[in-house]
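Residue strings, one per chain:
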Amino acid sequence: MPAKATRAAFGEALLELGARDDRIVSVDADLSKSTMTVSFAKKYPERAFNVGIAEQNAIGIAAGLALAGKVPFVCSFACFLAGRFETIRISVAYTNANVKLVGTHAGIAIGEDGYSQMGLEDIACLRALPNIPIVQPADEHETKQAVAYAIEHDGPLYLRLTRQNMEPVCPPDSRFRLGRWLTLNAGVDVTLVGSGGPIANCVAAAKMLAADGISAEVVNASSIKPLDEETLVASAGRTGHIVTVEDHSIAGGLGGAVAELLSEVLPTPHKRLGVQGFGESGDPKSLYAKHGLDPAGIASSVRKFLNR
Amino acid sequence: MPDARLSSIARECRVQIIRMLTHAGSGHPGGSLSVIDLVVSIMFGRIRHDPARPNWPERDRLILSKGHAVPAMYAAMARAGYFPDERLLTLRKLGSSLQGHPDRTALPGIEAATGSLGQGLSISLGLALGFRLGDKPNRVYCILGDGEIQEGQVWEAAMAGPKLGQPAHGVGNLTVILDKNRVQLDDFVTKILDLEPVVQKWQAFGWPVIEIDGHDFDQIGKALDQAQAHTGGPTFIVAHTVKGKGVSFMENNPEWHGKAPKPAEAITAIRELLGVSTPAWDDYLAKDRATAAIVAELSALDKK
């Protein structure tokens, strides 16, 4: 499988699953070419609604469609969706409307467009709502499974997707399950808990570390809410060292969620890798290097963390 | 001609609004009293619903976007048989399904969480569109407050409404009513942020607009008929109402936007709502045992 953006995999899945289930509708706010609902909209124009650059209304319309028995996917950049937090909070979460929120363009990896277009606080915002699971699939295979899961799941759900291509990391026979993480690489010295954008870099970092005699376990935390407590605690117990890696603000994202859980269940030394401060324009590779999310940066943080 | 049946139901509901808010010790009487004639007109004889089966898929939907006026909904719902009257006294109490603002998951018959203002019209558009997509007969009613339409999301929805789903699935099954009581929490709407010209604004966004007296059941009924007859898209009804309608000291007084009456004030309010003079009140209560019980209950609150 070639590398593919998870937003592109989402667009393909929506088109395919939309053929089988006419409850599926899309709601966009003038970004359908970017969120990749455009193919679905072409094939099913009567089930695709572009309401203009008005995200609050898009989210509210999606809530209403859900209350009328439809399964709406409301799609925009992650920052623009989560930025309409109050509408999500009441019209979707508290109403318990069966809305699938799809936030694309997650993280600094969108690059040149700069901070205002980067989804960097969306997980922190939505994680505070009691009934919205958060799913960030790693690659094409997992995205397609996650979209199918989102349709089966009765209730709101947030799907966080990338603009950039994602190297395949999940075995073709793996199956996405909410609250379950896949171990991509077994190890004993440290656990890398990665999600989304930098997940392939975690695998690459583990290889670099292996050359130095450090055995790093890599788990793919595609289910950010709920976390896979069983896998996390078992791995933390074995390695005694946790490093979380994510393309999201260092505050309140996967790292925050893992820290909250482990501090109560199994306090474990923990290094959080993520985005500090605002993002900025630049090429994605350089941005990941600047924030220590590239393979060398991750490996170097791990060595420092382990004092090796 | 005033509709005697609706007018009598609305009077009962007004008494219950005053009663439940006084027991709750907090809440929003002004907007509940301004909207109740609209709510009663919609819920009694207008919408297709079955209080015994609140989740009946073919029911019509009423979204009270100005969720702080939910005591009006609760009073009408109890009167329609969704739950027993006694439950009204649990309003705003711990564990009650009658939350301070509407909670869909807590009370069957409440169709969306509202009260964070500005969101109900978008939800109503989505509901109406969803029904139209499935060629379902369900109608959707949405009630907005005039202070509420200062929220930006309302105008996003206003822009979209007449165009949504066109040409095949325009939301002609949606009727939106503005409870234009002219008062918001802090003061008169004109003093906070004047909305005029309201009618022209909605017309400019492509909505057919009907203006009525929101306390005249005949006018309300005719406007709802007219809206229903307009099948090409949604209709907007501007209902001119009086905040605190029916209680002399609450009418047009911003102080009563969000304050519960004290028991003695509540008893005066109920007397006025029933149209009884002070000298005739004791004789009246001797005959109307139900009201006498409500008054006794309220008097007892004072002694607590």
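Residues numbered from 1 in each chain as written. Chains lettered and ligands numbered in written order. Predicted model: local features only at pLDDT ≥ 70, side-chain atom pairs only at ≥ 80, totals over all residues. Heavy atoms only, no water.

1. Here's the deal with the overall build of chain B
Part 1 of the reasoning: A count of helical and extended segments in chain B gives 11 helices and five strands.
Part 2 of the reasoning: Here the C-alpha atoms of chain B give a radius of gyration of 19 Å, agreeing with the 19 Å that 2.2 N^0.38 yields for 304 residues.
Part 3 of the reasoning: In terms of its C-alpha atoms, chain B occupies a principal-axis envelope of roughly 60 × 45 × 40 Å.
Part 4 of the reasoning: Within chain B, the proportion of its 304 residues that are buried is 58%.
Part 5 of the reasoning: Considering only contacts within chain B whose residues lie at least 6 apart along the sequence, 75% involve residues at least 24 apart.
Part 6 of the reasoning: Averaging the positions of the 33 positive and the 34 negative side-chain charges in chain B gives two centres separated by 3 Å. (Helix = DSSP H or I, 4+ residues; strand = E, 2+ residues; numbered from the N terminus. Rg over C-alpha atoms; globule rule 2.2 N^0.38 Å. Buried < 20%, exposed > 50% of the residue type's maximum accessible area, 1.4 Å probe, protein only. Contact = heavy atoms within 4.5 Å. Lys, Arg positive; Asp, Glu negative; His and termini not counted. Charge placed at Lys NZ, Arg CZ, Asp CG, Glu CD.)

2. Considering the interface of chain B and chain A
Part 1 of the reasoning: In this complex, chain B contributes 30 residues to the contact, which on the side of chain A involves 23 residues.
Part 2 of the reasoning: Summed over both partners, the interface of chain B with chain A comes to about 2100 Å²; 59% of that surface belongs to carbon and sulfur atoms.
Part 3 of the reasoning: Counting across the interface, chain B meets chain A through zero salt bridges.
Part 4 of the reasoning: Inspection of the region where chain B meets chain A yields 14 residue pairs in polar contact (both at pLDDT 80 or more). (Buried area = accessible area lost by both parts, 1.4 Å probe. Salt bridge = Lys/Arg side-chain N within 4 Å of Asp/Glu carboxyl O. Polar contact = N/O pair within 3.5 Å; in protein donor to acceptor, adjacent residues only side chain to side chain.)

3. Details of the packing of helix H1 (residues 6-20) of chain A against helix H8 (residues 140-152) of chain A
Residues and elements named next belong to chain A.
Part 1 of the reasoning: Interaxial distance between H1 and H8 falls to 8 Å at its minimum, and their mutual angle equals 45°. Our classification of the angle between H1 and H8 gives oblique. Helix-helix and strand crossings are classified by hand; for H1 and H8 the assignment is right-handed. Residues Thr-6, Ala-9, Phe-10, Glu-12, Ala-13 and Leu-17 of H1 form the contact with H8, whose own contacting residues are Glu-140, Thr-143, Lys-144, Val-147, Ala-148 and Ile-151. (Axes fitted to C-alpha atoms, helices over the stretch in contact; angles between N-to-C directions. Parallel < 35°, antiparallel > 145°, perpendicular 65-115°, else oblique. Left-handed = near helix turned anticlockwise from the far one by under 90°.)

4. So, H8(A)
Structurally, the α-helix is built with 3.6 residues per turn, so residues lying three or four positions apart point the same way.
Part 1 of the reasoning: The end-to-end C-alpha distance of H8(A) is 19 Å, a good match for the 18 Å that 13 residues give at a rise of 1.5 Å each.
Part 2 of the reasoning: Within the sequence span of H8(A), burial applies to Glu140(A), His141(A), Glu142(A), Thr143(A), Ala146(A), Val147(A), Tyr149(A), Ala150(A) and Ile151(A). (Expected span 1.5 Å × (residues − 1).)

5. Some details on the pairing of strand S3 (residues 174-180) of chain B
All names here are of chain B.
Part 1 of the reasoning: When you tally the buried positions in S3, you get seven out of seven residues, the bulk of the element.
Part 2 of the reasoning: Alternating residues of S3 divide into Leu-174, Val-176, Leu-178 and Lys-180 and Thr-175, Ile-177 and Asp-179, and every residue in both groups is buried.
Part 3 of the reasoning: Note: strand S2 (residues 140-145) against S3, six bridges, orientation parallel. By the bridge assignment, Val-140 is partnered in S3 with Leu-174.
Part 4 of the reasoning: In this region the chain leaves S2, passes through helix H5 (residues 152-160) and returns to the parallel neighbour S3; the handedness of that crossover is right-handed. (Pairing = 2+ DSSP bridges. Right-handed = clockwise from strand over helix to strand, strands pointing away.)

6. Structural notes on the pairing of strand S2 (residues 24-28) of chain A
Residues and elements named next belong to chain A.
Part 1 of the reasoning: Across the five residues that make up S2, a large majority, five, are buried.
Part 2 of the reasoning: Alternating residues of S2 divide into Ile-24, Ser-26 and Asp-28 and Val-25 and Val-27, and every residue in both groups is buried.
Part 3 of the reasoning: In terms of strand pairing, S2 meets strand S4 (residues 71-77) through five bridges, oriented parallel. Bridge pairing in S4 links Val-27 to Val-74.
Part 4 of the reasoning: Taken together, the three bridges between S2 and strand S3 (residues 48-50) define a ladder with parallel strand orientation. Each residue of the ladder has a partner; that of Ser-26, found in S3, is Ala-48.

7. Comments concerning the pattern of salt bridges
Side-chain pairing between opposite charges can occur once the charged atoms of the two side chains come close.
Residues and elements named next belong to chain B.
Part 1 of the reasoning: Applying the stated criterion across every chain, the model contains 25 salt bridges over all chains.
Part 2 of the reasoning: One salt bridge connects Arg-14 with Asp-37, and the closest N-O pair in it is separated by 2.9 Å. One end of the pair, Arg-14, is in helix H1 (residues 4-24); the other, Asp-37, is in helix H2 (residues 29-43), and 23 residues separate them in sequence. As far as the burial class goes, Arg-14 and Asp-37 line up, both buried.
Part 3 of the reasoning: Between Lys-222 and Asp-218 there is a salt bridge; the shortest N-O distance is 3.4 Å.

8. Comments concerning the sheet that holds strand S11 (residues 216-220) of chain A
Residues and elements named next belong to chain A.
Part 1 of the reasoning: Strands sit in the order S9-S11-S10-S13-S14 across an open sheet of five strands; the sheet is mixed. Where the open sheet ends on each side, the last strands, each with one partner, are strand S9 (182-185) and strand S14 (270-275). In this sheet, adjacent strand axes meet at a mean angle of 25° when their direction is disregarded.
Part 2 of the reasoning: Sheet topology places strand S13 (residues 242-249) next to S14; five bridges connect them, and they run parallel. Within S14, the position partnered with Ile-242 by the bridge is His-270.
Part 3 of the reasoning: Strand contacts of helix H10 (residues 229-239): S9, strand S10 (190-195), S11 and S13, with the helix running at about 150° to S10, the strand carrying the most contacts.
Part 4 of the reasoning: Helix H11 (residues 254-265) rests against S10, S13 and S14 of the sheet, and its axis sits at about 140° to S13.

9. Quick word on helix H9 (residues 199-211) of chain A
Residues and elements named next belong to chain A.
Part 1 of the reasoning: Relative to the 18 Å expected for 13 residues at 1.5 Å per residue, H9 spans 19 Å between its end C-alpha atoms, a close match to the ideal helical length.
Part 2 of the reasoning: Ile-199, Asn-201, Cys-202, Ala-205, Ala-206 and Leu-209 are the residues of H9 that are buried. Along the axis of H9, the buried positions cluster into a sector of 145°, meaning they face one direction only. Those residues of H9 that are exposed and angled more than 90 degrees off the buried face are Lys-207 and Ala-211.
Part 3 of the reasoning: Immediately beyond the C-terminal end of H9, within one or two residues, lies Gly-213, with a positive phi of roughly 85°. (Arc of directions from axis to C-beta.)

10. Regarding the confidence of the model for chain B
Part 1 of the reasoning: Looking at chain B as a whole, the pLDDT averages 97, with 99% of positions reaching at least 70.
Part 2 of the reasoning: With a pTM of 0.97, the predicted complex shows an ipTM of 0.97. (pLDDT = per-residue confidence, 0-100.)

11. Comments concerning the packing of helix H4 (residues 55-67) of chain A against H5(B)
Part 1 of the reasoning: Closest axis-to-axis distance for the H4(A)/H5(B) pair is 8 Å, and the angle between their directions is 70°. Taken together, the axes of H4(A) and H5(B) are roughly perpendicular relative to one another. Residue-level contacts link Glu55(A), Gln56(A), Asn57(A) and Gly60(A) of H4(A) to Gln153(B), Glu156(B), Ala157(B) and Ala160(B) of H5(B).
Part 2 of the reasoning: Here the residues of the contact of H4(A) with H5(B) sort into two nonpolar, four polar and two charged. (Nonpolar A, V, L, I, M, F, W, Y, C, P; charged D, E, K, R; others polar.)

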